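If you want the building blocks of each chain, they are given just below.
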There are 2 protein chains.
Amino acid sequence: MTGIQIKQVTKNYGKKKILKPIDCELQPGKIYGLLGRNGAGKSTLLSLLANRIFPTSGEILVDDQNAIDNAQALGKIYLMSEKDLYPASQSLEQLMRGTELLYGKFNFQLAYDLAGEFELNLQQKFGKLSTGYRSIFKLITALATPVQYLLLDEPTLGLDANHRDLVYQAIMDDYLKHHRTVVIATHLIDEVANLMEHVLIIDHGDLVLNGETEDILANAHLIVGPAKDVAKYTDGFNIIGQETLGRITGYYVYGPLDDQRILPDTVSIEQTNLQKLFVYLTNNQGGIGK
Amino acid sequence: MTGIQIKQVTKNYGKKKILKPIDCELQPGKIYGLLGRNGAGKSTLLSLLANRIFPTSGEILVDDQNAIDNAQALGKIYLMSEKDLYPASQSLEQLMRGTELLYGKFNFQLAYDLAGEFELNLQQKFGKLSTGYRSIFKLITALATPVQYLLLDEPTLGLDANHRDLVYQAIMDDYLKHHRTVVIATHLIDEVANLMEHVLIIDHGDLVLNGETEDILANAHLIVGPAKDVAKYTDGFNIIGQETLGRITGYYVYGPLDDQRILPDTVSIEQTNLQKLFVYLTNNQGGIGK
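Since the structure is predicted, the reported quantities are computational estimates derived from the model, not experimental observations. (Residues numbered from 1 in each chain as written. Chains lettered and ligands numbered in written order. Predicted model: local features only at pLDDT ≥ 70, side-chain atom pairs only at ≥ 80, totals over all residues. Heavy atoms only, no water.)

Colleague: Tell me what's going on with helix 9 (residues 227–234) of chain A, and back it up with residues and numbers.
Modeller: Residue and element names in this part refer to chain A. Listing the buried residues of helix 9 in full gives Val 230, Tyr 233 and Thr 234. In a view along the axis of helix 9, the buried residues occupy a sector of 85 degrees, so they form one face of it. Of the exposed residues in helix 9, the ones pointing more than 90 degrees away from its buried face are Lys 228 and Lys 232. The secondary structure elements touched by the buried residues of helix 9 are strand 11 (220–226), strand 12 (239–245), strand 13 (248–254) and strand 14 (268–271). Positive backbone phi, approximately 95 degrees, marks Gly 236, located one or two places after helix 9. (Buried < 20%, exposed > 50% of the residue type's maximum accessible area, 1.4 Å probe, protein only. Helix = DSSP H or I, 4+ residues; strand = E, 2+ residues; numbered from the N terminus. Arc of directions from axis to C-beta. Contact = heavy atoms within 4.5 Å.)

So, in structure tokens, the structure goes:
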């Protein structure tokens with residue numbers, strides 16, 4: 001069985017439960033969006049997948065092999081991390097050669113092409129880069145490492161709007177060529193909504209949503225109209241949020257609507273987007289102060 | 001004369017000109033947006049204002065006093081930097097006490113209140129914080145330091161949408177209470193457009209736009225219609241960008257329109273926003289590969 005299986009994985013730091021049992025699967029050749037509030041556990045999950053830390057319990061299988069300290073399994077996974085783990089005094093080109101040594105392969109042509117597009121000089125030292133250019137360098141290195149599973153933690157951290165577009169384009173180009181599995185963890189949900197085929201939402205260490213983007217959006221509705229009529233029509237539905245504008249009220253409903261129920265003339269059903277859905281699914285409890 | 005005067009300030013690193021002569025003024029009690037692409041020179045300008053680095057030429061006056069190594073002038077300025085300059089092993093509360101020592105004053109009540117809102121535990125060590133929570137801690141420390149000039153470099157770096165809203169709210173609350181000068185450097189232009197009274201756009205080390213947000217938006221137009229009609233109507237205007245959708249073309253124009261010219265029925269004039277204006281004003285040349 002190919003893909004990554006995450007089976008009943010938990011992670012504690014001391015008494016703090018960062019991840020509750022998580023079960024999910026990353027299928028080959030698919031782009032995943034990993035969404036969650038600050039401190040929800042996204043980076044912890046990615047670090048577990050990349051074997052940088054170990055689960056407290058449960059197991060992770062990569063193409064049917066246990067990933068812990070398994071060089072063959074780990075050679076298939078690359079994590080572009082939020083953290084800067086590179087020595088400041090080395091040049092970017094030296095760091096890329098180091099990555100080649102570790103993974104046994106590296107697409108220098110692609111790296112040079114992308115460095116040109118982003119106007120990044122590879123002779124510079126890592127320590128001299130601004131936050132934005134650190135993200136750019138780390139993304140280029142990730143895309144040029146020809147592994148099967150690519151994990152990108154905040155690939156657009158500190159990037160301007162034009163550069164963010166370039167990043168999304170580079171991810172998409174790579175995906176169309178190599179069809180590998182890509183996991184993108186990000187807070188800029190609207191911008192990547194079109195890239196993601198599958199959405200994973202983590203909240204307080206729990207996987208609260210796991211589904212195809214298309215199915216999820218088909219189940220997300222905004223019911224708009226006078227408060228009384230909206231309340232009556234949505235009675236018993238899974239209401240996750242509410243907004244008011246003057247005398248008009250909007251209820252966000254996640255889940256199927258009742259086909260038998262008659263929609264009053266004053267009420268309309270509108271599509272909502274992933275960002276709104278995310279906000280309401282993760283809003284109530286706030287962050288965990290990690 | 002109160003406020004900060006930036007007079008013919010340049011900054012070179014070796015042969016690289018990061019800032020060309022910059023002239024501008026930061027008036028008391030105003031919120032400024034400092035916008036620019038990655039590598040444009042925003043962080044360099046902020047570091048100069050905070051005296052962390054020195055200009056190659058030119059001078060910076062704070063309330064009429066030269067800022068270089070002038071303790072009185074510098075005690076009025078606080079820079080929340082993108083860089084993490086704190087020792088990883090100290091607790092957040094210890095770091096706040098250190099800031100109090102440096103500035104002689106610190107609003108612990110506000111810091112505790114904001115830490116509660118963001119669910120940030122101040123007994124933690126700085127090194128244990130995620131990227132998002134580092135931003136949150138740095139912003140809280142900045143807001144609680146009662147200086148007159150507050151410089152915020154990417155205050156929402158790595159923050160989720162709900163936390164970004166909390167940050168904007170905290171900046172606004174502080175502003176309404178203390179009416180100090182705030183400079184916000186950010187890439188999420190749409191989100192802060194309503195906060196900024198005055199916009200500064202830096203491109204390749206040049207100050208290319210410096211004006212009141214209201215005036216700037218009044219001068220930014222999108223002219224939409226069939227390509228031929230739009231081209232004819234806008235002939236001679238300051239066209240900064242163009243978009244096409246099927247047979248409809250939109251020209252972005254920055255500057256006054258000609259009142260004498262008759263608008264064809266097929267063409268309409270629409271408002272544009274700051275993000276679009278920024279993209280087109282800074283798009284052509286790309287980043288400088290800093």
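Colleague: I'd love a proper account of the relation of the copies chain B and chain A, names of residues and values included.
Modeller: Each of the two copies of the chain can be brought onto the other by a rotation about an axis and a shift along it. In screw terms, the move from chain B to chain A is a rotation of 180 degrees and a rise of 0.0 Å along the axis, fitting with an RMSD of 0.1 Å. One copy is carried onto the other by what is essentially a two-fold rotation axis. The C-alpha atom lying nearest the rotation axis in chain B is that of B:Leu157; the distance is 3.4 Å. With an isologous cut-off of 70% or more, the 97% of interface residues of chain B that recur at the interface of chain A puts this contact in the isologous class. (Least-squares fit on C-alpha atoms with pLDDT ≥ 70 in both.)

Colleague: How would you summarise the packing of aromatic side chains if you had to cite specific residues and measurements?
Modeller: Residue and element names in this part refer to chain A. By the definition in use, this model includes 16 aromatic pairs over all chains. Feature note: the residues Tyr 86, Phe 126 and Phe 137 constitute an aromatic cluster, connected by ring pairs. Its guanidinium or amino end placed over the ring of Phe 108, Arg 97 lies 4.6 Å from that ring's centre, counting from NZ or CZ. One cation-aromatic arrangement involves Arg 134 over Phe 126; the distance from NZ or CZ to the ring centre is 5.0 Å. (Phe/Tyr/Trp six-rings, centres within 6.5 Å; stacked < 30°, edge-to-face > 60°. Lys NZ or Arg CZ within 6 Å of the ring centre and 35° of its normal.)

Colleague: Go over the pairing of strand 4 (residues 57–62) of chain A, please, and point to the residues and values.
Modeller: For a regular strand, side-chain orientation follows a simple rule: the groups alternate between the two sheet faces. Residue and element names in this part refer to chain A. In this structure, strand 1 (residues 4–13) lies alongside strand 4, joined through five bridges in antiparallel fashion. In the sheet register, Ile 4 faces strand 4, and the bridge partner there is Val 62. Taken together, the two bridges between strand 4 and strand 5 (residues 65–66) define a ladder with antiparallel strand orientation. Bridge assignment links Leu 61 to a residue of strand 5, and that residue is Asn 66. Between strand 4 and strand 5, which pair antiparallel in sequence order, lie two residues; one of them, Asp 63, sits at a positive phi of approximately 45 degrees. (Pairing = 2+ DSSP bridges.)

Colleague: Before we move on, could you go through helix 3 (residues 92–103) of chain A and cite the residues and values that matter?
Modeller: Residue and element names in this part refer to chain A. Taking 1.5 Å of rise per residue, the 12 residues of helix 3 would be expected to cover 16 Å, and the 17 Å separating its terminal C-alpha atoms lies within 8% of that figure. If you check which residues of helix 3 are buried, you get Leu 92, Glu 93, Leu 95, Met 96 and Thr 99. On an axial view of helix 3, the arc spanned by its buried residues comes to 160 degrees, and they lie on one face. Packing partners of the buried residues in helix 3 comprise strand 6 (77–80), helix 4 (108–117) and helix 5 (131–144). Directly beyond the C-terminal end of helix 3, a positive phi value near 75 degrees is found at Gly 104. (Expected span 1.5 Å × (residues − 1).)

Colleague: For the interface of chain B and chain A, give the residues involved together with the corresponding values.
Modeller: Contacts between chain B and chain A engage 34 residues on the former and 33 residues on the latter. Counting across the chain B and chain A interface gives two salt bridges. Residue A:Arg37 is joined to B:Asp160 by a salt bridge in which the shortest nitrogen-to-oxygen separation is 3.1 Å. Among the secondary structure elements, those contributing two or more residues to the side of chain B that touches chain A are helix 5 (131–144), helix 6 (161–178) and helix 10 (274–283) of chain B. Top element by residues in the side of chain B that touches chain A is helix 6 of chain B. It accounts for four residues. Classifying every residue of the side of chain B that touches chain A by side-chain character gives nine nonpolar, 17 polar and eight charged. (Salt bridge = Lys/Arg side-chain N within 4 Å of Asp/Glu carboxyl O. Nonpolar A, V, L, I, M, F, W, Y, C, P; charged D, E, K, R; others polar.)

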